[in-house]
Amino acid sequence: MGYRFSAYDTYGYSLRYYVNQNAYQNYIGLSGSAGTGIYYQWENFANYNQNFGKHFVNLMVGTSYSNNRSYSVSGDYRGSDEDLGVMQDNPLFYYFAYHSANAVPSVSGAEAMYSRKLSYFARAGWNYMGKYNIQASFRADAADLSILPRPMRWGYFPSVSGSWTISEEDFFRPVRQAISYLKLRASWGQNGSLAGLGGYRYANVIASTGSYPISSTVPVYIDGYAPSSSGNDELKWETSEQFDVGVDMRFLRDRLTFSFDWFRKMTKDLIVTGITPSTVVGVTASPVNAGNVLNTGLEFELKWRDQIGDFNYSIGGNVSTLRNEVTYIHETLSDGIDGTGVRNYGTITRFEKGYPAWHFYGYHFIGIDPNTGDAMFEDLDGSGDATQADKMDLGSGIPKVNFGVTLTAAWKGIDAVVFMTGAAGSKIYNCLTVVDYPSNRLSFLTEDRWTPTHTNGTMPAANASNWQQFLTSDGVVFDGTYAKIKQIQLGYTLPQKFTRKFFVDNLRIYGSLDDWFTFSKYPGFDPEITGVGNSLGVDKGTYPTAKKIVFGVNITF
Amino acid sequence: MKTRNIFLTAIAAICTLFLVSCSNLLDIPQHGVLDYNTYYQTDEQITSADVAMYLEVRGWEYNVKLCKAMLTDDFWAGGSMRGDNNNLEHLNEFTFDAEEDYVQAMFTTYYTLIYKANVILGHVDEEKGAIARQARAEAKVFRAFAYFDLKTMWGNPPLVDHELAPSEYNVPNGTDEELWGIMEQDLTEAIASGALAEKTSLNDTETWRVTKQFAQALLGKVYLWQGKNSEAAAQFDAVVSSGKYALMDDYSLIHRASNKHNCETLFESNRIHDDNNSFQNFSMYALMTNWRMDKMNWPTDTPIMNTGWGFRVPTKSLYDDFVKDEGVDGYRLNASLKTLDQINSELGITLKSPVIGEGYFMWKLRILAEERGMGNDFVYMANTIWMRYAEVLLCGAEAHLASGNAGKAAEYVNMIRSRAHLPALNGVTLDDIKLEKRLELFGEGTRMQDLLRWGEGSKMAKNGDTYPELQVNGQIKYVPCGNPAYGFKPGKHEHLPYPATEIRLNSAIEQNPGY
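All values derive from a computational prediction rather than experimental measurement.

Novice: Can you tell me about the packing of helix H6 (residues 130-154) of chain B against helix H7 (residues 176-193) of chain B, naming the residues and giving the values?
Specialist: Residues and elements named next belong to chain B. Taken N-terminus to C-terminus, the directions of H6 and H7 make an angle of 150 degrees; their axes are 9 Å apart at the nearest point. Classified by the angle between their axes, H6 and H7 sit roughly antiparallel to one another. As for how H6 packs across H7, the hand of that crossing is left-handed. Contact with H6, carried on its side by Ala137, Lys140, Val141, Arg143, Ala144, Tyr147, Phe148, Lys151 and Thr152, involves Asp176, Leu179, Trp180, Ile182, Met183, Asp186, Leu187, Glu189, Ala190 and Ser193 of H7 and no other residues of that element. Taken together, the residues that form the contact of H6 with H7 break down as 11 nonpolar, two polar and six charged.

Below is the structure:
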């Protein structure tokens, strides 16, 4: 059982001020608020473990329930140009009880908001002599009414996994010298997500759209009501189903380890919110289970660890590949869903069948017109103009390959680690340029620009007429391949015999360079930092990762 | 051991039982909403659904009025300097494409109104009584109101006459017959139903609903745009002969907040001075279209609102047409536009740094400090007028002239002229009517659709070649805009583009040529 309680209250007043004819306040404004938040979670588990000879069986069942309650009230009083708002101009009167007769109050809140979850789960496992292992589990999760409609509330997610430690088998003995450990494993499982749902967005309800005054002289209003969304009473859990097969091996007295995995993950019924099926429908669409996305890939890991006298070292690396594709889109969404856009120049990512999720979308830039300095785009429909029909797939922000390398070394009290990571095969859509008003631009776009005296420039002229189209083309899509040395750390642990004299068990001093070296051709700030979700791979100027030099001390008493 | 097992099992059972009942706790009710399936039954509910349409139209002011003004030869985009609002410049100079925000927003808002009308027509039963019949009639009027703009600006927008099921979301372009047909049918039924409100008398300032005469005027426009001139003339005559509308004597007071629902307006969106609910009366339009006050010097007691972003600036071509008709001291001219000299001498306002413009300032739709609400620049008290009697007379004149009734045409035009303190004309030509309409109704959202109907888009062929910068000394500097492609292009700009998002989301729709 876990419990968390928080509470706050505020009180404030704003004084009169005068800056100029448009920025001033002639009254004392009062405000106050209070709120509480309560969260509790209750979990129960029952375990059963039993050995039957060489077999070992374990069972577990459990439940979990959580409840979040938040409540707040706030209010304020305001005067006007002629009304001070409080009875006396004296801080002892700056409280609600002493408001002036004409001060205007406003209140909000006083509505407890709840969010609740309920789950049941069970797990069973069987192990025979450490050689064969099977485990199965099952989960049932329920979401509250604000997230899913009542009939679709429950999600059921089974999973099963098994492994065979081949190296423990009798027939494997002869090979044990070379391969000290070999295990084959496989798993299949589902789990659910309710990304971004809440607020009864599936519900087809009538809600207020405002108040309309029906007299032009006295404040009499009628409230307008209209359906707030199209409703989706079939909204359900988003399920990710993953199948994985892998091998773990160790060689040469456990110094060399290798593992390999192949996985296939299908995300079904992906929940997409905030979409408009078509403008002529006239109302916003509730969230839908929009589509299916397939991710498949391979992962390799290789590590060597050895010791020469007092010197320990290890070298490890991993590589993983990923292929991502949208395999199905709900029929009301026509060809696909628009993602993010660049200012108001147009949409630049789309969710479409047959492409990676939220792939880049725009014109294909084929060069600069040497006569005018304007950008030229591939004309797919032969219309002669760059129109919507000429937009096409420009790549994806999802890397095809991710890799990492870790080197460690230790000798006597000194330890060192170098950690590098990187990605390849992704693209980055650079959205740092604005053409509506004067602003800085990436020098990449200006250095080789067309000018009347440099007519073979590779970038458009500063006053080219189609900058907005250039910024929604692959003229600003770059290769996002990068490698970063994320950390180089060197540390020294003082001999324990020495530090124990000061009652210190362990004293380590270290220095490290974090995010210091980046290798990439990307002309923007940081190839690692881009958006998420429908902005994956889109660089809108998120603050880049800073290089850091860190010095530190670890002390254990 | 056994008792311990039983004890543990009992605890487990109790816990599980407790949690089974917990699933009811997940039924958290939603606040502030009503069930769709049982709504639209009582009079109160029907009225609320009806009022939702009025609220939707009130929100049109910013997009619709501003867009329509930009797509004419009456205005420059304006702003503090070139580039202050790219979108308005694109519209004004015809360099916009299907991704243009304002176009998308306008398109969406029309269909949102149509949706709300369709919901009422689909759910409110005639049998429920007078309120229900009135709501249904008003829904038809609002639906026709939206389709009129959609048809005349986009050509063949999709026809949606009921709430769409997901399988129907890909709606093809509507045909001319279908679109005009639904407008004619809706308006004729609404007028004939007898359920629409009517003003009680000429000086009734309380009626806030759409009236039978408004529906008739709208039907007249629907006929006029199709060339069905005698039917159109009949509708406009019905409004005139109702006796419930007249031209106001004092031209300068028509749009003022103190004159809401005056004898000349056919339909207005209401705002009211209410400090407790100031943001119900939010309006960005006033702030956008007020003069660029931060580039001017003005006396502290000036009647003009102190902040303004200076968009929708009148052109010299408009001023010149005024002078051609009325002379420099024309009564209506002086109630419509002011020159730089006039704002100096009459209001004591001078220019302190250059603004975009040719030296003419909007006066007819001026923004006054006393009409600002709650000490806040975003709250403006004047109502938005969607149609006034002058438009009825001028459309009626055009319909009569085209159907062979020149005498009636001249009568209507002379009513306008006499209110403008101008001498009557003996006979009117179409050019006379066009001129009067431009001068009478500039900035009120009629010119763009008129120019398209008259085939006079070429008047805007030079939009975007240069823009004017008014200097402090009154000189005008014409600065090149630098658009290699600008201005109205025949074969393309007779229609606005369907929004790019619509083209992508709707597989059945076809884009207009040139986009």
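There is more to say, and it comes next.
Novice: Outline the interface of chain B and chain A, supporting the account with residue identities and numerical values.
Specialist: Between chain B and chain A, the contact holds 82 residues from the first and 75 residues from the second. Between chain B and chain A the total buried area reaches about 6,700 Å² when both faces are included, carbon and sulfur atoms providing 58% of it. Together, B:Leu26, B:Ile28 and B:Arg504 form the three largest contributors to the area buried by chain B at its contact with chain A, with a combined 12%. At the junction of chain B and chain A, the tally comes to four salt bridges. The salt bridge involving B:Arg504 is made with A:Asp338; its shortest N-O contact spans 2.9 Å. For the interface between chain B and chain A, the tally reads 15 residue pairs in polar contact (both at pLDDT 80 or more). Listed by contribution, the elements that provide at least two residues to the side of chain B that touches chain A are helix H1 (2-22), strand S1 (33-35), helix H2 (43-58), helix H4 (86-93), helix H5 (101-123), strand S3 (265-269) and helix H18 (500-505) of chain B.

Novice: Describe the sheet that holds strand S29 (residues 477-479) of chain A, naming the residues involved and giving the relevant values.
Specialist: Residue and element names in this part refer to chain A. Judged by pairing direction, the sheet is mixed, and its three strands sit side by side in the order S29-S28-S32 without closing on themselves. Strands at the two margins of the open sheet, each flanked by one partner only, are S29 and strand S32 (538-539). By the bridge criterion, three bridges tie strand S28 (residues 427-430) to S29 in an arrangement that is antiparallel. Bridge assignment links lysine 427 to a residue of S29, and that residue is aspartate 479.

Novice: Go over unusual backbone geometry, please, and point to the residues and values.
Specialist: All names here are of chain A. For tryptophan 358, which is not glycine, the phi torsion reads 55 degrees and is therefore positive. Structurally, tryptophan 358 can be placed in the loop between strand S21 (349-352) and strand S22 (359-362). Judged by its relative accessible area of 14%, tryptophan 358 is buried. Positive phi, close to 60 degrees, is recorded for phenylalanine 503, a residue that is not glycine. As for its placement among the helices and strands, phenylalanine 503 is situated in the loop between helix H3 (496-499) and strand S31 (506-520). For phenylalanine 503, a relative accessible area of 72% gives the class exposed.

Novice: Tell me about a nonpolar patch on the surface, residues and numbers included.
Specialist: Residues and elements named next belong to chain A. Together, Ile308, Phe311, Trp411, Ile414, Leu490, Tyr492, Ile509, Val553, Ile555 and Phe557 line one region of the surface with nonpolar side chains, adding up to about 1,000 Å² of accessible area. Sorting the residues of the nonpolar patch by element identifies strand S30 (482-493) and strand S33 (548-556) as the ones contributing at least two each. With respect to the helices and strands, the residue leucine 490 is situated in strand S30.

Novice: Give me the pattern of salt bridges: which residues, what numbers.
Specialist: Opposite charge on two side chains permits them to pair, given that their charged atoms come into close proximity. Applying the stated rule across the entire model yields 70 salt bridges over all chains. Ionic pairing is found between A:Lys268 and A:Glu241, a salt bridge with its closest N-O pair at 3.2 Å. With A:Lys268 in strand S14 (residues 256-272) and A:Glu241 in strand S13 (residues 238-251), this residue pair connects regions lying 27 residues apart in the sequence. What makes A:Glu241 partly exposed here is its relative accessible area of 22%. Through salt bridges with shared partners, a single ionic network connects B:Glu264, B:Asp325, B:Glu326, B:Arg332, B:Lys364, B:Arg388, B:Arg417, B:Arg419, B:Glu436, B:Glu440 and B:Glu444.

Novice: Go over helix H14 (residues 389-402) of chain B, please, and point to the residues and values.
Specialist: All names here are of chain B. The end-to-end C-alpha distance of H14, which contains 14 residues, comes to 20 Å, matching closely the 20 Å that a straight helix rising 1.5 Å per residue would cover. Counting buried positions along H14 yields 12 of 14 residues, so the element is predominantly enclosed. Those residues of H14 that sit buried are Tyr389, Ala390, Glu391, Val392, Leu393, Leu394, Cys395, Gly396, Ala397, Glu398, Ala399 and His400. Taken from the residues just after H14, glycine 404 is the one with a positive phi, measuring 90 degrees.

Novice: Go over the sheet that holds S21(A), please, and point to the residues and values.
Specialist: With antiparallel pairing, four strands are arranged side by side in an open sheet as S18-S21-S22-S25 (chain A). Only two strands of the sheet have a single neighbouring strand rather than two, namely strand S18 (336-338) and strand S25 (392-393) of chain A.

Novice: With reference to specific residues and values, describe the nonpolar core.
Specialist: One finds B:Trp154 and B:Trp291 to be the most contacted residues of the largest nonpolar core, which totals 155 residues. For this core, the element with the highest residue contribution is H6(B), accounting for 14 residues. Those residues within four positions of B:Trp291 in sequence are excluded, and the remaining contacts are B:Met296, B:Ile304, B:Gly308, B:Trp309, B:Gly310, B:Ile343, B:Leu347, B:Ile349, B:Phe361, B:Met362 and B:Trp363. Grouped together as the second largest cluster of nonpolar side chains are 25 residues, A:Phe365, A:Phe377, A:Leu394 and A:Ala464 included.

Novice: Let's hear about the packing of helix H3 (residues 60-70) of chain B against H5(B): which residues, and what values?
Specialist: The packing of two helices is summarised by the inter-axis angle and the distance between the axes. Residues and elements named next belong to chain B. Between H3 and H5, the least distance of the axes is 10 Å, while the angle of their chain directions is 130 degrees. With respect to H5, the element H3 is oriented oblique. You can see that H3 and H5 cross each other, and the crossing is left-handed. Between H3 and H5, the residues in contact are Trp60, Tyr62, Asn63, Val64, Leu66, Cys67 and Lys68 and Tyr102, Ala105, Met106, Thr109, Tyr110 and Leu113, respectively. Of the residues that constitute the contact of H3 with H5, the class distribution is 10 nonpolar, two polar and one charged.

Novice: Could you give an account of the pairing of S14(A), naming the residues involved and the relevant values?
Specialist: Strand residues, when the strand is regular, have side chains that alternate between the two faces of the sheet. Residue and element names in this part refer to chain A. Sheet analysis places S13 next to S14, joined by 13 bridges and oriented antiparallel. Bridging from a neighbouring strand, aspartate 248 pairs with serine 259 of S14. The turn linking S13 back onto S14 is made up of four residues, and leucine 252 within it adopts a positive phi angle of 50 degrees. Bridge analysis of S14 against strand S15 (residues 288-308) gives 15 bridges, and the strand direction is antiparallel. Across the sheet, residue arginine 264 finds its bridge partner in S15, namely threonine 296.

The rules behind each value
Residues numbered from 1 in each chain as written. Chains lettered and ligands numbered in written order. Predicted model: local features only at pLDDT ≥ 70, side-chain atom pairs only at ≥ 80, totals over all residues. Heavy atoms only, no water. Axes fitted to C-alpha atoms, helices over the stretch in contact; angles between N-to-C directions. Helix = DSSP H or I, 4+ residues; strand = E, 2+ residues; numbered from the N terminus. Parallel < 35°, antiparallel > 145°, perpendicular 65-115°, else oblique. Left-handed = near helix turned anticlockwise from the far one by under 90°. Contact = heavy atoms within 4.5 Å. Nonpolar A, V, L, I, M, F, W, Y, C, P; charged D, E, K, R; others polar. Buried area = accessible area lost by both parts, 1.4 Å probe. Salt bridge = Lys/Arg side-chain N within 4 Å of Asp/Glu carboxyl O. Polar contact = N/O pair within 3.5 Å; in protein donor to acceptor, adjacent residues only side chain to side chain. Pairing = 2+ DSSP bridges. Buried < 20%, exposed > 50% of the residue type's maximum accessible area, 1.4 Å probe, protein only. Patch = residues over 30% accessible without salt bridge, like charges linked within 9 Å, V, L, I, M, F, W, Y side chains within 5 Å. Areas by Shrake-Rupley, 256 points an atom, 1.4 Å probe, with all protein chains shown as cover. Expected span 1.5 Å × (residues − 1). Core = buried A, V, L, I, M, F, W, Y, C linked by side-chain atoms within 4.5 Å.

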